[in-house]
Amino acid sequence: MQEKIVILDFGSQTTQLIGRRLRELSTYCEIVPYNKFPENDKNIIGVILSGSPYSVNDKDAFKTDLSGIRKKYPVLGICYGAQFIASISGGKVEKGDSREYGRANLTTINSNDPLQKGVRAGSQVWMSHGDTITKIPDSFEIIASTNDVKVAAYHIKDEKTWAVQFHPEVFHTEDGTLILDNFLNICGAKKDWSPTSFIETTVAELKERLGNDKVILALSGGVDSSVTAVLLNKAIGKNLTCIFVDHGLLRKNEFENVLRDYEHLGLHVIGVNARERFYKELAGVKDPEQKRKIIGKGFIDVFDEEAHKIKDVKWLGQGTIYPDIIESLSITGTVIKSHHNVGGLPEKMKLKLVEPLRLLFKDEVRRVGRELRMMPRLIERHPFPGPGLGIRILGDITPEKVRILQDADDIYIRGLREWGLYNEVWQAGTILLPVQSVGVMGDERTYENTVALRAVTSTDAMTADWAHLSYEFLAKISNEIINKVKGVNRVVYDISSKPPATIEWE
């Protein structure tokens, strides 16, 4: 069985980042709500307590019983986790004179402590807390300090319990990965989590679980559903049927190109051209949420109709990944967001779900895809919204608007590839604005459409910065779109970050 680190989530925005760092260190981990520790799991080798938006002194602060965890497992408290352990152990946590946020440097380090092994004096760390530990019990020993924070890190004597008041998981903590790796060494981690081991284990489990049952899978052309399809195909072969629905809102020629790619992978794929059906149902609709609902329901109806043509199907395959699972639960364990990629399908079709990627982060999905020797263009595809260009056409949707946006977007995306920029950005796309402006082409005045180009850099889409593409590139793309796409006479570039803006416009 796979050994694991359990991360107790107290609500920090960087909890997922802790998990990703451990996975990068070849160690499997799972994130669970702070009060849902899996007591009967025999594979746990260590526990991490995350940060939190609360102060430990708040009456509504998240608290849990650690008596069955401390002394049984190695424990690492991070930020709030450090303050919580100190508080319940008889220490004192008080509001600081000023909020400690941003870069700091470790001034003293106990280099003999196993958590601090190899960490350099002066090493930069990232602080983010309003409270600070002002008093620790006699059983605690300080193992690191900064100019402003005396108890930057501590160890509890006679326990394998450590804690830091900074965030080792974030990029700005220079030796953060080393500290997490030291904790894994304390836990005795084998560090054998890899794409190869995941594929071997997952395919074996799928074979045993599915047997000779039939599975249907909704393909989107994206990396998650594509890797899911290849894994299921390795496990059950001909018993997998994939359905790829063209709702008329895909990128230019994407339906034909993706079907050709899937044929190369040896998958059995049914392609359904439902463009006219969707255009008819969307006619005149401007509200973005209503557009999403119409597209979502239409997809379900088309998929359901095709699925019923296949006899004796028992399972629905989906490309759900770990962030979907985490975000579908609040830290109290209450469902706050449906995580299903194709919402409504499991209930409507009364099928059992199989989600082979449900414990992987996006970057791990790509690593698995490469290990499966899938084509780079499938693995490296930018995220693309389920409603497709339907939410990149602001206002009502018509076939002519789709044509204009597809042509402009095709020039933009091809340009990113040709200039070697495609893999440097997390996501890029073109938006057709409900704005017309005056232009001049030749000796004629025009009154035509405006498109906005969007490109962002990110690691997980939770936050994103606008991509600083060169003026030369933007000038060339703008010129090409205006010259070649009938109906466009103005191009703008979106320089908004997330937050406060979102990646998509609708």
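Residues numbered from 1 in each chain as written. Predicted model: local features only at pLDDT ≥ 70, side-chain atom pairs only at ≥ 80, totals over all residues. Heavy atoms only, no water.

(A) Structural detail: the overall build of the chain. Across its full length, the chain carries 14 helices and 18 strands. Its C-alpha atoms give the chain a radius of gyration of 26 Å, within 12% of the compact-globule value 23 Å for 506 residues. Its C-alpha atoms give the chain principal-axis dimensions of about 80 × 60 × 40 Å. Classification of the 506 residues of the chain by burial places 58% in the buried group. Accessible surface computed for the chain: about 23,300 Å², of which carbon and sulfur atoms make up 49%. Within the chain, one finds 66 positive and 68 negative side-chain charges whose respective centroids are separated by 3 Å. (Helix = DSSP H or I, 4+ residues; strand = E, 2+ residues; numbered from the N terminus. Rg over C-alpha atoms; globule rule 2.2 N^0.38 Å. Buried < 20%, exposed > 50% of the residue type's maximum accessible area, 1.4 Å probe, protein only. Areas by Shrake-Rupley, 256 points an atom, 1.4 Å probe, with all protein chains shown as cover. Lys, Arg positive; Asp, Glu negative; His and termini not counted. Charge placed at Lys NZ, Arg CZ, Asp CG, Glu CD.)

(B) Focus on unusual backbone geometry. Note the cis peptide between Lys 498 and Pro 499, where omega equals -15°. Mapped onto the secondary structure, Pro 499 falls in the segment after β18 (488–493). Pro 500 follows Pro 499 through a cis peptide bond whose omega is 10°. Checked against the element boundaries, Pro 500 lands in the segment after β18. One non-glycine residue, Ser 26, lies in positive phi territory at about 65°. Phi is positive for Lys 71, close to 75°, though the residue is something other than glycine. Its place among the elements puts Lys 71 in the loop between β3 (44–49) and β4 (75–78). We classify Lys 71 as exposed; its relative accessible area is 67%.

(C) Highlighting the pattern of salt bridges. For the structure shown, the criterion picks out 33 salt bridges. As a salt-bridge pair, Lys 252 and Asp 407 come within 3.1 Å of each other at their nearest N and O atoms. Here Asp 407 lies in helix α13 (residues 399–418) and Lys 252 lies in the loop between β11 (240–246) and α6 (254–264), a separation of 155 residues in the sequence. Note on Lys 252: relative accessible area 33%, which makes it partly exposed. Judged by relative accessible area, which is 18%, Asp 407 ranks as buried. A cluster of three or more residues bridged by salt bridges with shared partners is formed by Lys 252, Glu 400, Arg 403 and Asp 407. (Salt bridge = Lys/Arg side-chain N within 4 Å of Asp/Glu carboxyl O.)

(D) Geometry of the nonpolar core. By size, the foremost hydrophobic cluster in this structure holds 50 residues, and its most contacted members are Tyr 412, Leu 416, Leu 469 and Ile 481. The dominant element in this core, judged by the number of residues it contributes, is α13, at 8 residues. When residues no more than four places from it in sequence are discounted, the contact partners of Tyr 412 are Ala 428, Gly 429, Thr 430, Leu 453, Arg 454, Ala 455, Leu 469, Phe 473, Ile 477 and Tyr 493. Counting residues in hydrophobic clusters, the runner-up holds 40 residues, among them Ala 229, Ile 236, Leu 357 and Met 375. (Core = buried A, V, L, I, M, F, W, Y, C linked by side-chain atoms within 4.5 Å. Contact = heavy atoms within 4.5 Å.)

(E) Geometry of the sheet that holds β11. Read from one edge of the open sheet, 5 strands run β12-β11-β10-β13-β14, paired in parallel fashion. Looking at strand neighbours, the two that pair on one side only are β12 (269–273) and β14 (352–354), the edges of this open sheet. Averaged over neighbouring strand pairs, the angle between their axes works out to 30° when direction is ignored. Contacts from helix α4 (residues 195–210) reach β10 (214–219), β13 (313–317) and β14, with the element oriented near 165° to β14. Of the strands in this sheet, β10, β11 and β12 are in contact with α6, which crosses β12 at around 175°. (Pairing = 2+ DSSP bridges. Axes fitted to C-alpha atoms, helices over the stretch in contact; angles between N-to-C directions.)

(F) Inspection of α4 at higher detail. Taking 1.5 Å of rise per residue, 16 residues should cover 22 Å, and α4 covers 22 Å from first to last C-alpha, within 8% of that figure. Those residues of α4 that fall on the buried side of the exposure criterion are Pro 195, Ser 197, Phe 198, Ile 199, Thr 202, Val 203, Leu 206 and Leu 210. Downstream of α4 by one or two residues, Gly 211 has phi in the positive range, about 55°. (Expected span 1.5 Å × (residues − 1).)

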